[in-house]
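Structural characterization, general
Each chain is listed here by its residues.
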Amino acid sequence: MTADLAAALFTPRSVALVGASTDPAKASSRPLRFLRRSGFAGAVYPVNSRAGVIDGEPAFPSLDALPEVPEHAFLMTPAAATLDAVRQCGNLGVPVVTVLSGGFAEAGPDGAARQRELVAMARESGTRVVGPSSLGLVNTRTGLTLTANAAFADPDLKPGGIFVASHSGSLIGALLSRGAACSHLVSVGGEADLGIGEICGAAVADPDVTGFLLFLENLRHADSLRTFAREAAAHGKPVLAYKLGRSRAAAELAVSHTGSLAGEDDVAAAFLADCGIARAHTLDGLLEGLPLLARTPVDTGTTRRVGVVTTTGGGAAMVVDQLGVLGVEVAGPTPATLARLAAAGAPAAPGVIVDLTLAGTRYEVMSAALDVLLSCGEFDLVVAVVGSSARFEPEVAVRPIVDRAHRERLAAFLVPHAPEALTMLADAGVPAFRTPESCADAIAAALARRAPRSVSPPMPGEPGAGRPLDEAASYALLAASGVEAAPHRVIPIDDLGADPGLRFPVVVKALSPALGHKSDVGGVVLNVRTAEEVRDAARRIRADVATRGGVEISEVLVQSMESGVGEVLVGYRIDPDAGPLVLVAAGGVLTEIYADRSLSPAPVDLATAHRMLGEVKGIAALRGHRGAQPGDLEALARLVVAVSELAARGDVVEAELNPVLVRPDGEGVVALDAVVRLREVPTNGEAE
């Protein structure tokens, strides 16, 4: 984004309010009032073809009648009239328009067509569009309150350093009602043109912006979101997101384990983590978590340990319980540190928490405990939990924490409702939490945050169902990437030889790109031990898949049966928003039931592949659990890397290896089944 466009977004010298209303009950009357009350110094031009005066100010009948070309136009017209307004803005050379009305892509085929026309107009003229369905945007430092959001009727909004960008305009109101101190607030709406990443990127170098809060309903414009996240990390500005949504049906992937496992929420989690964007799962965690991110280094790949010191065992136990649910390790101090605590006048019994009891309400006791715990080197974060004294004696109970605000890796949870104490902590810059849930949520998000990938992964063309290859052709394509398949032969059913030339026993499989799960239609026969049994199995398979699957086959794939210590699934697919992904899961027919998997944007390096293997619970058994023979996880990690590098091809829509047989350590891995889907090639001679 150019500097001129960023200025038109957030510091315009003139704005036009197209469709401004004389009726104070209408949302379209608010922007003029808000701009005047907030002291916006630029020119404001109300535009209404039927009103001569609005709120005592002259209104203009059209954009053409304005004394200058506005730098930003807020369009509050009905959807049907919005296209004409955008066309006029484009003809006049207005740099940015914000569209309030809905009725576009979310409104069915007609709305989708209207949105395509909107985007085409914007691209042709060079005018950029925020929205549609945007409640507007605000810059608290300049008084630009260019919004119809009723939340800005509050005259006591607190300016600060947080940049908020949200798909939901009402969420902005929720943030403001809880006292969020913000620099900018943007309702991005439907992102027909400008995406949330590009909008945030326009302010990433602003020295007054200290961090970013995102409320996401989708990952549209994921490439610009990734670019922004990398720039934010380079500027040392944390990004914390709350992402709505669980899973969505993907009809084109209905025959794929990979498609059903890589649900929308899993894709979002993997994408955000890869971008270095921390993710909150509670609204309070989103509201309260950014200061903690600013004081917590990114994940180094080692185990992260949290220490808890408290004046109230029950309050501390609530935090410990919530952290445990989220998989965060809470560790008690070592005997050496316990001895240091006792010597410093803050004795505590051995255990998971350092419980100072009522003695901890004394300044010198809590101070001594914090100094020891923050300097012992055993904890990545220390949480101070304060009980009722935080409400009734904040100067005594909370002052030791405030006085150590300069120390990183320190946070506080206040058990009672203690506004004065929270204000003290916030003013000092100490991350402080009102509930154990938000405290644990923010801690888990901060400790899990990784550095963003230094370069963006490739973004292939539009995904789709793709054209499936049969199993033999899939093996051939994967072999070029270094993936080994179990020995196999393709044999015509009507010309079966005496011996398939493989080690018995073998498995006989139907061979056709039209068959997804072959075993569901009788397309697989195991433990075939002679050439005669191969012929019998092939003929039986042909009859069964014709009857049960409606597919006629002429060939079978005969494959050596292999043995190993375990099975996994390795999959690859292109997500319509996040791009190429690689997935590792517990293998076999129960894969979808257990949903035990790890997902990452592709391609991945060997270290990331090993991390993914560590996230799949079923793979723990392949590490030699309880004396069992360990599997070759190094070879498995290399296979994950190889599959992920399909992202560089551009023609592979999806690939699934299920199962991959893991042999004993040092003996490698081998694919026992595979399906690859290639991008459809147009047959009418037109470019894709």
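As shown above, the structure is provided for reference.
This section reports on the structure supplied with the text. (Residues numbered from 1 in each chain as written. Predicted model: local features only at pLDDT ≥ 70, side-chain atom pairs only at ≥ 80, totals over all residues. Heavy atoms only, no water.)

**Things to note about the side chain of Arg295**
- Mapping Arg295 onto the fold places it in the loop between helix H10 (283–294) and strand E15 (305–310).
- Buried charge without a salt bridge: Arg295, with Glu408 as the nearest opposite-charge side chain at an N-O distance of 7.1 Å.
- A distance of 2.3 Å separates a polar side-chain atom of Arg295 from the backbone oxygen of Arg407.
- Residues in contact with Arg295, not counting those within four places in the same chain, are Arg404, Ala405, Arg407, Glu408, Arg409, Leu410, Gly429 and Pro431. (Helix = DSSP H or I, 4+ residues; strand = E, 2+ residues; numbered from the N terminus. Buried < 20%, exposed > 50% of the residue type's maximum accessible area, 1.4 Å probe, protein only. Lys, Arg positive; Asp, Glu negative; His and termini not counted. Salt bridge = Lys/Arg side-chain N within 4 Å of Asp/Glu carboxyl O. Polar contact = N/O pair within 3.5 Å; in protein donor to acceptor, adjacent residues only side chain to side chain. Contact = heavy atoms within 4.5 Å.)

**As for the environment of Phe212**
- Along the chain, Phe212 falls in strand E12 (residues 211–216).
- Residue Phe212 is classed as buried on the basis of its relative accessible area of 0%.
- C-alpha of Phe212 to C-alpha of Val239: the two residues are 27 residues apart in sequence and 4.7 Å apart in space.
- Phe212 has contacts with Phe163, Cys200, Ala203, Val204, Phe228, Lys237, Pro238, Val239, Leu240 and Leu290, leaving out every residue within four places of it along the chain.

**A word on the sheet that holds strand E1 (residues 14–18)**
- Across the sheet, which stays open at both edges, the 5 strands sit in the order E2-E1-E5-E6-E7 with parallel pairing between neighbours. Only two strands of the sheet have a single partner each, and these edge strands are strand E2 (43–47) and strand E7 (128–130). On average, adjacent strands in this sheet sit at an angle of 20° to one another, irrespective of strand direction.
- Here strand E6 (residues 96–99) pairs with E7 via 3 bridges, running parallel. The partner of Thr98 across the bridge, within E7, is Val130. (Pairing = 2+ DSSP bridges. Axes fitted to C-alpha atoms, helices over the stretch in contact; angles between N-to-C directions.)

**A look at the pairing of E12**
- Of all 6 residues in E12, 6 are buried, a share of seventy percent or more.
- On E12, burial covers both faces: Gly211, Leu213 and Phe215 on one face and Phe212, Leu214 and Leu216 on the other are all buried.
- Note that strand E10 (residues 159–166) and E12 share 5 bridges and pair parallel. The residue bridging Ser166 from the neighbouring strand is Phe215, located in E12.
- Note: E12 against strand E13 (residues 239–243), 5 bridges, orientation parallel. Opposite Phe215, over in E13, you have Tyr242 as the bridge partner.
- Between the parallel elements E12 and E13, the chain passes through helix H7 (residues 222–234) in a crossover that is right-handed. (Right-handed = clockwise from strand over helix to strand, strands pointing away.)

That is the geometry; function is a separate question.
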